[in-house]
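One-letter residues, chain by chain:
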Amino acid sequence: MRDFTRRGDLIRLRLGEYEVSLLESLVLQLSGLLEDGSPASVDGSGDPFDRWQAELGAQPTLDSSDPVIGRLFPDAYADDPAAAAEFRRFTQSRQVMERLEQAGTVLDALAATDEGRHRLEVPLAQVNDWLRVLTALRLSLAVRLGIESPEDADSLDALGEDDPRSFVYRVYEWLAYLSEGLLTQLGR
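Residues numbered from 1 in each chain as written. Predicted model: local features only at pLDDT ≥ 70, side-chain atom pairs only at ≥ 80, totals over all residues. Heavy atoms only, no water.

Some details on the pairing of strand S2 (residues 10–13)
And then number 1: Of the strand pairs in this sheet, strand S1 (residues 5–7) and S2 are connected by three bridges, and their pairing is antiparallel. Within S2, the position partnered with Thr5 by the bridge is Arg12.
And then number 2: Linkage of S1 to S2, two consecutive antiparallel strands, is achieved through a turn of two residues, within which Gly8 is found at a positive phi near 60 degrees. (Pairing = 2+ DSSP bridges. Helix = DSSP H or I, 4+ residues; strand = E, 2+ residues; numbered from the N terminus.)

Comments concerning the pattern of salt bridges
And then number 1: All chains considered together, the criterion is met by ten salt bridges.
And then number 2: The closest approach of N and O atoms between Glu121 and Arg12, which form a salt bridge, is 3.1 Å. Residue Glu121 is located in strand S3 (residues 120–123), and its partner Arg12 is located in strand S2; the two are separated by 109 residues in the primary sequence.
And then number 3: Residue Asp157 pairs with Arg170 through a salt bridge whose shortest N-O separation is 2.9 Å. With Asp157 in helix H6 (residues 150–157) and Arg170 in helix H7 (residues 164–186), this pair connects stretches of sequence that are 13 residues apart.
And then number 4: By relative accessible area, which is 31% here, Arg170 ends up partly exposed.
And then number 5: One salt-bridge network, in which partners are shared between bridges, spans Asp114, Glu115 and Arg117. (Salt bridge = Lys/Arg side-chain N within 4 Å of Asp/Glu carboxyl O. Buried < 20%, exposed > 50% of the residue type's maximum accessible area, 1.4 Å probe, protein only.)

A short note on the sheet that holds S3
And then number 1: The sheet built from three strands is open, its strands ordered S1-S2-S3 with antiparallel pairing. Every interior strand has two partners, whereas the edge strands, S1 and S3, have only one. Shown here is a sheet whose adjacent strand axes are inclined to one another by a mean of 30 degrees, direction ignored.
And then number 2: Here four bridges tie S2 to S3, and the two strands are oriented antiparallel to one another. (Axes fitted to C-alpha atoms, helices over the stretch in contact; angles between N-to-C directions.)

Written out as structure tokens, the structure reads:
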């Protein structure tokens, strides 16, 4: 991976074939996790009222027992399960659709690199989508790695290379590097 550069309204970065493949795999896994709980279809008529009515009628079916889902979609009312369920009923379908759209934005940009042969280009208008996807990926990996405090991260950082968690932790850190690079270029 080479440093980030900004040209006009584009942030550019060269990713290697392996990096493109890894990021694409992670985004596809996240999308798969979310698609398992998305409604089969939401009204595609283009009428905002019809879409809203379809969203409200769709019952979210995300596996709330999965800690990653719990982290990505935390309860709005921790002390009131009924209110949390009602809030989720009105918001989760839309949140899932937005996350899937953001993942699609990232996947489209990765596909445009032709497996790393071309620079990755992120228009400034899409940086927020990228940051949201990278954050969701990091949260997912943090849950799987058991990172709940800086001390947890420090202990993973000290693992030997032969520990399989070491690789996953390096990916977690790499995602932070990508986020930081985008944010730095955004501020220029």
